[in-house]
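Report on the structure
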Amino acid sequence: LPPPSNSPAQEDAGHSAFWAYWTGQTISTCGSAITTVVLPLLIFQLTRSALNLSLTVAATVLPYLLFGLLVGAWVDRVNRRRVMIFTDLGRTLAIASIPVAAALGPLSVWWIYAVAFLSSTLTICFDAANFAAVPSLVSAEDLVRAHGRIQASYAIARVAGPFCAGVLLAVLTLPQLLWIDAASFLVSVLSLLLVRVSFNTRLQEAATPAQPTTIWRDIGEGLGYVLGHPVLRTITVLLLLINFILPTASAQLVLFATEVLGVGDAQIGFLYAFASGGAVLAALVAPRLSKHLPLGQLALAGVGVEGLAILVAAQLHIYGAVLLLWAMRSGADVLFAVSSYSLVQRLVPSPLLGRTITVLRVLSWPTASLGAILGGWAILQSANPILVYSFIGAAAGSIGLLFWWTPVGQGERSAGEGL
């Protein structure tokens, strides 16, 4: 997946840079998947409290609301590759501090909250810079293929991480497992050191001298660009709606499988496994699908198919059919992610990429927590998971259909016009 170049040597350099980057991020994702299992288990062991588990989520989400816009503007002003390297080093130290603290004395739950907050803040910095990395490593034509491979490897890593954690718990304690995540961040650092391509500009764009500005003006520029661009503004509204509606389907899967399908832990595990398989398959076929549909329409098709899969799964009480439908749902979700990421990266100039992704997330992510809470409350009040899942599926499918005639459906044309 080399970026455009005029010589075989440059093509080889771009190809090597992408694969070095991809390898490091895949290994890092596998390590982080272990941490997402370990931290809740540690907190539950220490507190035996559902409230304390909720506080962990709050410690992870709060940094985005506090620092998201500021971080996005800052990342667009500095060397993005350097930001990724130093934030990975910071995350190494933060995660490693938990097993160190556990070895030195009783581990405090407040220390875990502090690490979760710091690690999440560093991840915001990393993700903002990371969003600009892929367009710098591949050509615009190869964005979908690159994101497909990235999403496929991430889906596999998210399965492999918890599996490895379960096996290693036979010989390691929970805090000791976090050394694996700490080491995976160091692998990411090494891979980024091997990448010699700048993440601050697309190679096909001519270099332009930067004009001095304040960071507050940069934040305003990012907000103004997203809200003033018809496609990005519509994507923001789309994300607000689907982030509000869809998270309940995943958050309440265990309850749905237990009460509606009447299955046990092993069968629930297979639901998650099939979901990962669907994600991998969708990520790999996304490049071919993008040749037949514009990216905006492909993203909306993903939303529509995901809603349809949830709606049909709510009506069928046949475990085997739901396995396939849940794989379809997960694959459609990945298809939306690959297409929407690629579309935004084609539309947005490189100097604005960090601000754009943080603005989109700050504006749309809070609805996910609210939607998940209200969805759980609706199931509790109605005592009818089928009704709630049916509403979620119908609503998501309708959104995918209704947004077909919005600027998102014309996003590919806008990208071609250089907006």
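Since the structure is predicted, the reported quantities are computational estimates derived from the model, not experimental observations.

Conventions and cut-offs
- Residues numbered from 1 in each chain as written.
- Predicted model: local features only at pLDDT ≥ 70, side-chain atom pairs only at ≥ 80, totals over all residues.
- Heavy atoms only, no water.
- Helix = DSSP H or I, 4+ residues; strand = E, 2+ residues; numbered from the N terminus.
- Buried < 20%, exposed > 50% of the residue type's maximum accessible area, 1.4 Å probe, protein only.
- Polar contact = N/O pair within 3.5 Å; in protein donor to acceptor, adjacent residues only side chain to side chain.
- Salt bridge = Lys/Arg side-chain N within 4 Å of Asp/Glu carboxyl O.
- pLDDT = per-residue confidence, 0-100.
- Contact = heavy atoms within 4.5 Å.

1. What about the environment of Ser340?
Residue placement: Ser340 occurs in helix H13 (residues 319–347). In this structure Ser340 comes out as buried when scored by relative accessible area, which is 10%. C-alpha of Ser340 to C-alpha of Leu300: the two residues are 40 residues apart in sequence and 8.9 Å apart in space. A distance of 2.7 Å separates the side chain of Ser340 from the backbone oxygen of Phe336, its partner in a polar contact.

2. A word on the pattern of salt bridges
Scanning the entire structure with this criterion turns up 9 salt bridges. Among the salt bridges present, the one from Arg355 reaches Asp76, with a minimum N-O distance of 2.8 Å. Here Arg355, found in helix H14 (residues 353–364), pairs with Asp76, found in the loop between helix H2 (50–75) and helix H3 (80–104); they are 279 residues apart in sequence, far enough to count as distant. Assessed through its relative accessible area of 6%, Arg355 is described here as buried. Asp76 sits in the buried class, given a relative accessible area of 12%.

3. Regarding the confidence of the model for the protein chain
Per-chain confidence: the protein chain averages 84 in pLDDT, with 89% of residues scoring 70 or above. When mean pLDDT is compared element by element in the protein chain, H3 scores highest at 95, while helix H17 (residues 411–416) scores lowest at 48. Predicted confidence for residues 1–12 stays below pLDDT 50, and this span has 26 contacts to residues more than four positions away or in other chains. In this model residues 202–209 is a low-confidence stretch, pLDDT under 50, and it forms 12 contacts with partners more than four residues away in sequence or in other chains.

4. Here's the deal with unusual backbone geometry
In this structure, Ala383 is a non-glycine residue whose phi angle is positive, near 55 degrees. Secondary-structure assignment places Ala383 in the loop between helix H15 (366–382) and helix H16 (385–402). With a relative accessible area of 66%, Ala383 lands in the exposed category.

5. Describing the environment of Gly397
With respect to the helices and strands, the residue Gly397 is situated in helix H16. In the structure, Gly397 is positioned 93 residues away from Gly304 in sequence and 4.1 Å away in space, judged by C-alpha atoms. The residues touching Gly397, leaving out its near neighbours within four places in the chain, are Gly304 and Gly307.

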